[in-house]
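# Chain and residue survey
Given next are the chains, with one letter for each unit.
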Amino acid sequence: QKEVEQNSGPLSVPEGAIASLNCTYSDRGSQSFFWYRQYSGKSPELIMSIYSNGDKEDGRFTAQLNKASQYVSLLIRDSQPSDSATYLCAVKRTGGGNKLTFGTGTQLKVEL
Amino acid sequence: ETGVTQTPRHLVMGMTNKKSLKCEQHLGHNAMYWYKQSAKKPLELMFVYNFKEQTENNSVPSRFSPECPNSSHLFLHLHTLQPEDSALYLCASSQDSGARAFFGQGTRLTVV
């Protein structure tokens, strides 16, 4: 079982729609969760972090965490073509030092 | 500009060559990392340095040799690489116990 699993996509959504990206993780000791966005040919960029169960909103982005079910998701409202990128889920275990474990990423395409 | 600078951006090297990748961070962080990103695979953590001390070596072959002379600089020395080592090598930094990693633009390495 992969430590962090994401559907590789591509996930295609029309402009203005809500994009929903999902991530599951295997280690119940995980405590910190992150979403990175990576444009083609560029480096990953942190867009959201979440540490507690529930929702966390930041502009058009909402991260959702459910530790009991071991999943974390990212919702992007009013999707724009500029949101087209690969979204990486990353997980950090308490006591795991500085180690982040990444998923393979989900490619999102926002179509006009 | 993320505050983490990597050079060179692109590198082509033969299997018998010796080369070095350089990373410099201007964020005042004290943890630095090397990651490898291959196509269709998750980001793989290679090495972690905290306050110049190596705290993690993720079973990386000895043909990759890291060096961290101070908290702002990180090198990855390469020798006798294999074609399967071709990948994007990303440097990142963060505060010591946090995991909000900031990435450099990466070095696209091709081994021929």
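On a predicted model such as this, the values are computed, not experimentally measured, just so you know.

Here the largest pocket is characterised by a volume of approximately 640 Å³. As for the largest pocket, its lining consists of 27 residues, and the residues nearest its centre are Thr86(A), Thr104(A), Gln37(B), Ala39(B) and Lys40(B). Secondary-structure elements contributing two or more residues to the lining of the largest pocket are β9 (85-93) and β11 (106-111) of chain A. The greatest single-element share of the lining of the largest pocket, amounting to four residues, is contributed by β11(A). Here the lining of the largest pocket is composed, by residue class, of eight nonpolar, 14 polar and five charged.

Looking at chain B as a whole, its pLDDT mean stands at 90, while 95% of the residues score no less than 70. Mean pLDDT values for the elements of chain B range from 81 in strand β6 (residues 53-57) of chain B up to 97 in strand β3 (residues 18-25) of chain B.

This structure, assessed with the given rule, holds nine aromatic pairs over all chains. Taking 6.1 Å as the distance between ring centres and 70° as the angle between the ring planes, the aromatic pair formed by Phe102(A) and Phe103(B) counts as edge-to-face. With one member in each of two chains, Phe102(A) in strand β10 (residues 100-102) and Phe103(B) in strand β10 (residues 102-103) form a pair that bridges those chains. Exposure remark for Phe102(A): the relative accessible area of 3% places this residue in the buried category. Consider the rings of Tyr35(B) and Phe103(B), whose centres lie 5.5 Å apart with planes at 50°: the pair is tilted. Separated by 68 residues along the polypeptide, Tyr35(B) in strand β4 (residues 31-37) and Phe103(B) in strand β10 bring together distant segments of the chain. You can call Phe103(B) buried: its relative accessible area is 1%. Taken together, the ring pairs connect Tyr36(A), Phe102(A), Tyr33(B), Tyr35(B) and Phe103(B) into an aromatic cluster.

What counts as what
- Residues numbered from 1 in each chain as written.
- Chains lettered and ligands numbered in written order.
- Predicted model: local features only at pLDDT ≥ 70, side-chain atom pairs only at ≥ 80, totals over all residues.
- Heavy atoms only, no water.
- 1 Å grid on protein atoms, 1.4 Å probe; cavity = no way out; pocket = protein on both sides within 12 Å on 5 of 7 lines; lining within 4 Å.
- Points joined across faces, edges and corners; volume = space filled by probe spheres on them.
- Helix = DSSP H or I, 4+ residues; strand = E, 2+ residues; numbered from the N terminus.
- Nonpolar A, V, L, I, M, F, W, Y, C, P; charged D, E, K, R; others polar.
- pLDDT = per-residue confidence, 0-100.
- Phe/Tyr/Trp six-rings, centres within 6.5 Å; stacked < 30°, edge-to-face > 60°.
- Buried < 20%, exposed > 50% of the residue type's maximum accessible area, 1.4 Å probe, protein only.

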